[in-house]
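Working through the structure, step by step
So you can see what is in the structure, the chains are spelled out below.
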Amino acid sequence: MDGTLRGLAALVRERQPAVVLTGAGISTESGIPDFRSAAGLWVQYDPMEFATIQAFRRDPVKVWEFYSLRFSVLTAAEPNAGHRALAELERRGLVQAIVTQNIDGLHQRAGSEDVVEVHGSIRTASCLECGERESLEEIVASLRETAAPACPRCGAILKPDVVMFGELLPPAAVDRAVELAREAGVLLAVGSSLEVYPVAGLLEETVSAGGAVAIVNRGATPFDGLASVRIDGQAGETLAALAAELD
Ligand code: APR
């Protein structure tokens, strides 16, 4: 297995189309904590209390206390060098699309156009009772007045349009992500522990369809043995260097 930037650049150049799968690790350099590293959210908060659909139905106000903290961090964040490098590689035709587990919208704000959000996004929140949908701006405004935003139509507490544990992923996003993984010449996973399914299974889809896998991550993942190239480095620095190497 190769661990060099030159090896990663060769793989991206020679094994087109290249698809990128990102996780929370690409956004930590924008000030957004990830989940499972030492400073991760799930070290401070029990996901069973704050991030399952059952927890939301049991105590929506408590779940919104967690999410209103997240919303203030997420809305203050800016794209970093990693997001910008991927947008540049898409512009050059070297990255076909990004499949992201992140809900922060930073890829789109960095200029990436083909972004598949498999865990939803904070862009909207919806009413589970009547289907009403509210924008992030309306939610942020509500959170200044109340601990949990209520549906303007029926009064039920709205739910962020992010996938909580126990919920199905958005079918159209999953279908597109699987199609991209199966057709990829190389799938590059960046900043993900690759511990959460079904998204982690995308790497197996790529390999079983004859593609290659590469990983850029701080720390080991269960898929390291599958990777043709594995770089244990910062996402921002590594992706910026990759874009320069491919220039
Ligand atoms: N550069 C490279 N890697 C980093 C960086 C960085 N700047 N910062 C953190 N990492 C690594 C961490 O070491 C960790 O291995 O990124 C990985 C992030 O893994 P997780 O915290 O598990 O995040 P992610 O893989 O995106 O989680 C998947 O789990 O809780 C759910 O819905 C949530 O989408 C999330 C999903």
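In this text the structure is predicted, and so the values were computed from the model without any measurement.

Bringing the overall build of the protein into the picture now. When helices and strands are counted, the protein shows 11 helices and nine strands. Here the C-alpha radius of gyration of the protein, 18 Å, is about what a compact globule of 247 residues would show, namely 18 Å. Counting over 247 residues, the protein shows a buried share of 53%. In the protein, the share of contacts with a sequence separation of at least 24, taken over all contacts with a separation of at least 6, comes to 67%. Of the accessible surface of the protein, which amounts to about 10,900 Å², a share of 51% is contributed by carbon and sulfur atoms. Across the protein, the 21 positively charged side chains and the 34 negatively charged ones have centroids separated by 1 Å.

This part takes up the packing of aromatic side chains. This model, assessed by the stated rule, comprises nine aromatic pairs. Arranged with centres 5.1 Å apart and planes meeting at 40 degrees, the rings of Phe 35 and Trp 42 form a pair that is tilted. Between Trp 42 and Phe 165, the aromatic rings sit 6.4 Å apart at their centres with planes inclined by 50 degrees, giving tilted as the arrangement. Taken as a pair, Trp 42 in helix 2 (residues 41-44) and Phe 165 in the loop between strand 6 (159-162) and helix 9 (171-183) lie far apart in primary sequence, 123 residues in all. Classification of Phe 165 by relative accessible area gives partly exposed; the value is 34%. Ring pairing ties together the aromatic residues Phe 35, Trp 42, Tyr 45, Phe 50, Trp 64, Phe 66, Tyr 67, Phe 71 and Phe 165, which thus form one cluster. Its end group placed over the ring of Phe 50, Lys 62 keeps NZ or CZ at 5.1 Å from the ring centre.

Attention shifts here to the domain arrangement of the protein. When cut into domains, the protein gives domain 1 (1-32 + 79-119 + 169-247) and domain 2 (33-76 + 123-162). Its C-alpha centre places domain 1 at a distance of 27 Å from the equivalent point of domain 2. Summed over both sides, the interface of domain 1 with domain 2 buries roughly 980 Å², with 61% coming from carbon and sulfur. Three residues stand out in domain 1 for area buried against domain 2, namely Ala 24, Ile 32 and Ile 103, and they jointly supply 49% of the buried area on that side. At the boundary of domain 1 and domain 2, one finds one salt bridge. The salt bridge involving Arg 123 is made with Glu 117; its shortest N-O contact spans 2.9 Å. Where domain 1 meets domain 2, there are one residue pair in polar contact (both at pLDDT 80 or more).

Taken together, 21 residues lie near the ligand, and Phe 35, Arg 36, Ser 192, Ser 193 and Arg 218 sit nearest. Contact distances for the ligand include 2.9 Å between an oxygen atom and a side-chain N or O atom of Trp 42. Contact distances for the ligand include 3.5 Å between a nitrogen atom and a side-chain N or O atom of Gln 234. Calculation on the ligand without its partners gives an accessible area of 730 Å², and the protein chains cover 92% of this total. Each residue belonging to the shell around the ligand can be placed in one class, and the counts come to six nonpolar, 11 polar and four charged.

Moving on to the sheet that holds strand 5 (residues 133-135). The antiparallel open sheet is built from three strands, whose spatial order is 5-4-6. For this open sheet the edge positions go to strand 5 and strand 6, each flanked by a neighbour on one side alone. On average, each strand axis in the sheet is inclined to that of its neighbour by 45 degrees, with strand direction left out of account. Of the strand pairs in this sheet, strand 4 (residues 120-126) and strand 5 are connected by three bridges, and their pairing is antiparallel. Looking across to strand 5, one finds that Ala 125 is bridged to Glu 134.

Scoring rules and cut-offs
- Residues numbered from 1 in each chain as written.
- Predicted model: local features only at pLDDT ≥ 70, side-chain atom pairs only at ≥ 80, totals over all residues.
- Heavy atoms only, no water.
- Helix = DSSP H or I, 4+ residues; strand = E, 2+ residues; numbered from the N terminus.
- Rg over C-alpha atoms; globule rule 2.2 N^0.38 Å.
- Buried < 20%, exposed > 50% of the residue type's maximum accessible area, 1.4 Å probe, protein only.
- Contact = heavy atoms within 4.5 Å.
- Areas by Shrake-Rupley, 256 points an atom, 1.4 Å probe, with all protein chains shown as cover.
- Lys, Arg positive; Asp, Glu negative; His and termini not counted.
- Charge placed at Lys NZ, Arg CZ, Asp CG, Glu CD.
- Phe/Tyr/Trp six-rings, centres within 6.5 Å; stacked < 30°, edge-to-face > 60°.
- Lys NZ or Arg CZ within 6 Å of the ring centre and 35° of its normal.
- Domains from an automatic or database assignment.
- Buried area = accessible area lost by both parts, 1.4 Å probe.
- Salt bridge = Lys/Arg side-chain N within 4 Å of Asp/Glu carboxyl O.
- Polar contact = N/O pair within 3.5 Å; in protein donor to acceptor, adjacent residues only side chain to side chain.
- Near = heavy atom within 4 Å.
- Nonpolar A, V, L, I, M, F, W, Y, C, P; charged D, E, K, R; others polar.
- Pairing = 2+ DSSP bridges.
- Axes fitted to C-alpha atoms, helices over the stretch in contact; angles between N-to-C directions.

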